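The lines below spell out each chain.
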Amino acid sequence: MSNREERLEETPPEALRAFLVRELEADPDLERRFHSFLDTSDLDVYELRAEIESKYGYRTAPNFTEYEERAESYIEKGRYRDAATIYRAMFEAMRDHLHEFDTHRGGFEHDETFQDAIASYATSIRDANLPHEQKRTYIESCFDQWLDEHEEGGFPQYFREALWELCTTEDDYRYWQSLLRDRLDERLDSQRIYGEQYDDDSDTWRRDDLTTPAPEDELLDGYTETAWLRGYVELLDRLDERTELGAILNRHYPASRHLCLRYARLLADEGEREAAITVAEYGTDAFSGSDTVELREFLADQYEEIDAGAFQETMIDLFVERTDWTYYDRLTAATPDDEWKQVVDTIVERLDSRWDADTIVEIYLREGRIEDAFETVRSARDLDLFEAHIDQLGEHDPAAYFDAYRRAIKKAAAEASRRKYYRQVAEHLQTIQTLGRDRRFENLVSFLREEYSNRPAFLDELEKAGF
């Protein structure tokens, strides 16, 4: 018996009770944890779910506020498992009705409540601070929901996020891993998962060819198998089981961009840069557009030290696609001064002047190429672009800027057909007036009033704007 246990044995029950009452009153968090320790949840999830189900009607959903408020009251009392039972009943009842509501009939709110219930379920169990043995039931329940959603084409990502919230210790992760491994064993035999690359008994990965994946007939088949294996890989990552991780990724990296990226990073960490680049380049060819951003960022990191041309090309592509100025700044820092103008011109050429004019103007302003920036604004004939850059470019050449802006305003006025557009023209007149071309501005206003004297709504908007 420990000293602590001996001291408790020697203390009279009434003294312990008095001490506990005092400490619970002084520490609300301790009181919640005390209630959580005693909480055994006497709510029946199946009865609650049936109750919620009974409240659905034709394209009408129950009022979930009463259930959410009830769960929150339990949380305030430290009865986390009772709250979790309510949230579970909610999302299990809602799951069968998710496709009954379109976005114009409460569908968005219904889906959002479903997602919130799953997240709140996981948070409630996490906050209960349960020992691992008591958490197993909740982990398994959430895991089953995750599998069902994959099989039925639902919303598995919500339950995946909930599992990561629920699991907080190595024991939790290993239990989740065992559940998933059992399911993988039912669906895929070890030969398909590892081939001859992994010896489970000695925990070794036979590192032969690092970049040739499994034969096509042994690769994963379909979204569900790939998603399960990805989940298993993430758990191996969390548990730092790098040997088994490497064996799986070596065979199955072509299955998804996530596995491809993780394998490339693992190879890079182990000093296999050439193989890492080969794997990542495969991913950029095999997967589409925005899905490959992280792979291309990884490749840029690898190229930067060994292939300046490939680094430059990758960063240009990323900037043109994403318009993320972090890429631009990194390019600036890595490019010799005598090559930089050519790089800037290449970026501008690859941007679409119709849709990316604001980005092109920003580039020219950053580079101090004021005339190019002005010409881009003038060619775009976009009133919002004129307004956005009036301070920088208007100050450079007020007369030229006024002429170009005036032509765009007259064109917009000619095309305007509703009060909304009349108001926009009037607002741009207020902006162009700041250039101070008084006589020419007065002539512009006079022209508009005379030209469109048959448009009372237009004249009204000019009056409101002070013209």
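Residues numbered from 1 in each chain as written. Predicted model: local features only at pLDDT ≥ 70, side-chain atom pairs only at ≥ 80, totals over all residues. Heavy atoms only, no water.

J.: Which residues make up the overall build of the chain, and what are the values?
T.: Along the chain, the regular secondary structure elements total 27 helices and two strands. The C-alpha radius of gyration computed for the chain amounts to 32 Å, which surpasses the reference 23 Å derived for 467 residues by more than 25%, pointing to a less compact arrangement than a globule. With the C-alpha coordinates of the chain rotated into their principal frame, the extents come out at 95 × 60 × 50 Å. Relative to its 467 residues, the chain shows a buried fraction of 43%. Expressed as a percentage of contacts within the chain between residues at least 6 apart in sequence, the contacts between residues at least 24 apart total 63%. Computing the positive centroid from 59 side-chain charges and the negative centroid from 111, the chain places the two 6 Å apart. (Helix = DSSP H or I, 4+ residues; strand = E, 2+ residues; numbered from the N terminus. Rg over C-alpha atoms; globule rule 2.2 N^0.38 Å. Buried < 20%, exposed > 50% of the residue type's maximum accessible area, 1.4 Å probe, protein only. Contact = heavy atoms within 4.5 Å. Lys, Arg positive; Asp, Glu negative; His and termini not counted. Charge placed at Lys NZ, Arg CZ, Asp CG, Glu CD.)

J.: Any chance you could break down helix H24 (residues 398-415) for me, citing the residues and the numbers?
T.: The periodicity of an α-helix, 3.6 residues per turn, causes residues three or four places apart in sequence to face the same way. Between its first and last C-alpha atoms H24 spans 26 Å; for 18 residues at 1.5 Å apiece the expected length is 26 Å, and the two agree. The set of residues buried in H24 consists of Ala400, Tyr401, Phe402, Asp403, Ala404, Tyr405, Ala408, Ile409 and Ala413. On its buried face, H24 is in contact with helix H21 (370-380), helix H22 (383-388), helix H23 (390-396), helix H25 (419-432), helix H26 (438-451) and helix H27 (456-464). (Expected span 1.5 Å × (residues − 1).)

J.: Help me get a handle on the nonpolar core, residues and values and all.
T.: Core analysis: the biggest nonpolar cluster contains 138 residues, and Ile347, Tyr401 and Leu429 have the highest contact counts within it. Contact partners of Ile347, with chain neighbours within four places excluded, come to Ile316, Phe319, Val320, Tyr328, Leu331 and Ile363. (Core = buried A, V, L, I, M, F, W, Y, C linked by side-chain atoms within 4.5 Å.)

J.: Summarise the pattern of salt bridges; cite the residues concerned and give the values.
T.: Here the structure, examined in full by the defined rule, presents 45 salt bridges. Linking Glu313 and Arg350 is a salt bridge whose minimum nitrogen-to-oxygen distance equals 2.8 Å. Taken as a pair, Glu313 in helix H17 (residues 308-322) and Arg350 in helix H19 (residues 337-350) lie far apart in primary sequence, 37 residues in all. The class for Glu313 is partly exposed, based on a relative accessible area of 35%. If you follow the salt bridges from partner to partner, you end up with Arg419, Arg423, Asp460, Glu461 and Lys464 in one network. (Salt bridge = Lys/Arg side-chain N within 4 Å of Asp/Glu carboxyl O.)

J.: Explain the layout of surface pockets to me, and be specific about the residues and the numbers.
T.: Its boundaries defined by the atoms lining it, the largest pocket holds a volume of some 330 Å³. In terms of lining residues, the largest pocket is bounded by 15 residues, among which His150, Tyr223, Thr226, Ala227 and Arg230 are the most central. At the level of secondary structure, the elements contributing two or more residues to the lining of the largest pocket comprise helix H8 (132-152), helix H9 (156-166) and helix H12 (222-238). Among the elements that line the lining of the largest pocket, the one with the most residues is H12, at six residues. Class assignment for the residues of the lining of the largest pocket results in six nonpolar, seven polar and two charged. (1 Å grid on protein atoms, 1.4 Å probe; cavity = no way out; pocket = protein on both sides within 12 Å on 5 of 7 lines; lining within 4 Å. Points joined across faces, edges and corners; volume = space filled by probe spheres on them. Nonpolar A, V, L, I, M, F, W, Y, C, P; charged D, E, K, R; others polar.)

J.: Run through the environment of Leu43, naming residues and quoting values.
T.: When you line up the elements, Leu43 lands in the loop between helix H3 (28-38) and helix H4 (45-53). Distance from Leu43 to Leu385, taken between C-alpha atoms, is 61 Å for residues 342 residues apart in sequence. Sequence-distant contacts of Leu43, defined by excluding residues within four places in its chain, comprise Leu48, Arg70, Tyr74, Asp82, Thr85 and Ile86.

J.: Break down the packing of H19 against helix H20 (residues 357-366) for me, citing the residues and quoting the values.
T.: Interaxial distance between H19 and H20 falls to 10 Å at its minimum, and their mutual angle equals 165°. Judged by the angle between their axes, H19 and H20 are roughly antiparallel. Between H19 and H20 lies a crossing whose hand is left-handed. Touching Val344, Ile347 and Val348 of H19 are Ile360, Ile363 and Tyr364, all from H20. Partitioning the contact of H19 with H20 into residue classes produces six nonpolar, no polar and no charged. (Axes fitted to C-alpha atoms, helices over the stretch in contact; angles between N-to-C directions. Parallel < 35°, antiparallel > 145°, perpendicular 65-115°, else oblique. Left-handed = near helix turned anticlockwise from the far one by under 90°.)

J.: Describe the side chain of Arg296, listing the residues and the values that go with them.
T.: Looking at the secondary structure, you find Arg296 in helix H16 (residues 293-306). Its relative accessible area of 12% is what places Arg296 among the buried residues. Once residues within four sequence positions are removed from consideration, Arg296 is found in contact with Thr284, Gly289, Thr314, Asp317, Leu318 and Glu321.

J.: So, H27: which residues are in play, and what are the values?
T.: Buried within H27 we find Phe458, Leu459, Glu461 and Leu462. The buried residues of H27 occupy one face: seen down the axis, they fall within an arc of 160°. Seen from the buried face of H27, the exposed residues on the opposite side, beyond 90 degrees, are Pro456 and Lys464. Buried residues in H27 make contact with H24, H25 and H26. Once H27 ends, the next one or two residues include Gly466, with phi positive near 95°. (Arc of directions from axis to C-beta.)

J.: Outline the state of the cysteines, listing residues and values.
T.: Taken as a whole and judged by the stated rule, the model has zero disulfides. Here Cys142 is not disulfide-linked; the sulfur of Cys167 is the nearest cysteine sulfur, at 8.3 Å. (Disulfide = S-S within 2.5 Å.)

J.: An account of the side chain of Arg181 is needed here, citing residue identities and associated values.
T.: Structurally, Arg181 is set in helix H10 (residues 170-187). Owing to a relative accessible area of 16%, Arg181 belongs among the buried residues under this scheme.

J.: Account for unusual backbone geometry, naming residues and giving values.
T.: In this structure, Asn129 takes a positive phi of about 55° despite not being glycine. Here Asn129 lies in the loop between helix H7 (107-127) and H8. Of note in the backbone geometry, Arg381 takes a positive phi value of approximately 55° without being a glycine. On the basis of relative accessible area, Arg381 is assigned to the exposed category, the value being 61%.

J.: Tell me about the packing of aromatic side chains, and please be specific about residues and values.
T.: The way to describe two aromatic rings as a pair is by their centre distance and the angle between their planes. Tallied over the full model, the rule gives 25 aromatic pairs. Taking the centre distance of 5.9 Å and the plane angle of 40° together, the rings of Phe374 and Tyr401 count as tilted. Of this pair, Phe374 sits in helix H21 while Tyr401 sits in helix H24, placing them 27 residues apart in sequence. Since its relative accessible area comes to 9%, Phe374 is described here as buried. Overall, Tyr401 belongs to the buried group, its relative accessible area being 0%. Here the aromatic rings of Phe386 and Tyr401 are separated by 5.5 Å at their centres, their planes lie at 75°, and the arrangement is edge-to-face. Of this pair, Phe386 sits in helix H22 while Tyr401 is found in helix H24, placing the two residues 15 residues apart along the sequence. Comparing Phe386 with Tyr401, the two get one shared label, buried. By the ring-pair criterion, three or more aromatic residues cluster together here, those being Phe91, Phe114, Tyr121, Tyr138, Phe155, Tyr158 and Phe159. Note that Lys410 overlies the ring of Phe447, its terminal NZ or CZ placed 4.3 Å from the centroid. (Phe/Tyr/Trp six-rings, centres within 6.5 Å; stacked < 30°, edge-to-face > 60°. Lys NZ or Arg CZ within 6 Å of the ring centre and 35° of its normal.)

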